[in-house]
Structure formats: C-alpha cells, structure tokens
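Structural overview
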Amino acid sequence: MSTIDETLLNEARKAQKNAYAPYSNFHVGAALVTDEGKIYSGCNVENTSYGLTICAERNAIFKMIADSGKHTISRILIIGDTDEFLPPCGACRQVIVEFSDENTVITMCNRSGQMKHHLMKEVLPFAFFLGN
Ligand SMILES: [Zn+2]
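1. Comments concerning the overall build of the protein
In terms of regular secondary structure, the protein is built from four helices and five strands. For the protein, the sequential pattern of α-helices and β-strands runs α-β-β-α-β-α-β-β-α. For the protein, whose C-alpha radius of gyration is 14 Å, the value lies close to the compact-globule estimate of 14 Å for 132 residues. Within the span of the protein, comprising 132 residues, buried residues form 43% of the whole. In the protein, once contacts between residues fewer than 6 apart in sequence are set aside, the share between residues at least 24 apart is 63%. Split by element, the accessible area of the protein, about 7000 Å² in all, is 53% carbon and sulfur. Taking the average location of the 12 positive side-chain charges in the protein and that of its 15 negative ones, the two points are 2 Å from each other.

Right, dumping it as structure tokens:
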C-alpha cells in the first residue's frame, strides 16, 4: 500500500466513525487528495426525509470547495461497512467527474481496508460534461 493510500484510508476511517446513519446503519467514509496535495474527508449524513441524505464522497468534495475552491482530485478513496469493494453511487460519480482529469483514481475499499483502484474514466465512461 502506498503512503498516500494509507493516509487516505486513515482519514476516511476517521470520517466514517462520524457518519450519521441512523436509518440505513451503513457508515461510509471518503477521503480525497487534490493535485496540490491537500486532503479532505467526509462521511455520509442521512436525513429523516431520505432524499436530503448526502454521501461521504460528495461531503468531502464540498468541503474541498468550501475550504479552497476548485481543484482537481488526484485520488478519492471510499470505505463502508461491507465486505464488498464499495463503489461511489451514480450521483457521486457525476460530481467526482466534475473535478477529475484523465488520471483521477477511484479507490474502492472493503471493511478490512483492502483496495481496488480504477481510473475515473473506467468508473463513469461517457460522462456528461459541458466543460468550463
Ligand atoms: Zn454517493
């Protein structure tokens, strides 16, 4: 495991412990590193109306924007309470691609911290993007 993957895993696990998930009881953590080396993490935050729930990945990305504006995500790691390698949901894939380039890596983890790495373009081929 590379140093950055170990750091992202630790940050994601810390955030995962703060997940607010009383409805699904599914605790998710995410952590990303930008092209400038800054790290942001997030957890899922559920709501009694369900539809207002935010995923860990988008929580981390919105923290990045609030803290330091637009950056390119170099890597983003996701971990949940599952033996499966947890992929980002469709909504999160669309938000991740907004801040990605051709080298952005998505790291899916299982609960024991094993990892699978994929390029963003593999995770969301033919992404909708107007550009800016
Ligand atoms: Zn999501």
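2. Remarks on the coordination of the zinc ion
Angles at a metal have ideal values that depend on geometry: 109.5 degrees with four tetrahedral donors, 90 or 180 degrees with six octahedral donors. Of the protein atoms, only Cys-55 (SG), Cys-89 (SG) and Cys-92 (SG) coordinate the zinc ion, at distances of 2.3 to 2.4 Å. Motif for the zinc ion, donor spacing along one chain: C-x33-C-x2-C.

3. Details of the packing of helix α2 (residues 56-68) against helix α3 (residues 90-98)
Interaxial distance between α2 and α3 falls to 9 Å at its minimum, and their mutual angle equals 25°. By the angle class used here, α2 and α3 are roughly parallel. Classified by chirality, the crossing of α3 by α2 is left-handed. Residues Glu-57, Arg-58, Ile-61 and Phe-62 of α2 lie in contact with α3, whose contacting residues are Ala-91, Cys-92, Val-95 and Ile-96. In the contact of α2 with α3, the residues fall into six nonpolar, no polar and two charged.

How each quantity is defined
Residues numbered from 1 in each chain as written. Predicted model: local features only at pLDDT ≥ 70, side-chain atom pairs only at ≥ 80, totals over all residues. Heavy atoms only, no water. Helix = DSSP H or I, 4+ residues; strand = E, 2+ residues; numbered from the N terminus. Rg over C-alpha atoms; globule rule 2.2 N^0.38 Å. Buried < 20%, exposed > 50% of the residue type's maximum accessible area, 1.4 Å probe, protein only. Contact = heavy atoms within 4.5 Å. Areas by Shrake-Rupley, 256 points an atom, 1.4 Å probe, with all protein chains shown as cover. Lys, Arg positive; Asp, Glu negative; His and termini not counted. Charge placed at Lys NZ, Arg CZ, Asp CG, Glu CD. Donors = N, O, S within 2.8 Å, 3.2 Å for Na, K, Ca; no water. Axes fitted to C-alpha atoms, helices over the stretch in contact; angles between N-to-C directions. Parallel < 35°, antiparallel > 145°, perpendicular 65-115°, else oblique. Left-handed = near helix turned anticlockwise from the far one by under 90°. Nonpolar A, V, L, I, M, F, W, Y, C, P; charged D, E, K, R; others polar.

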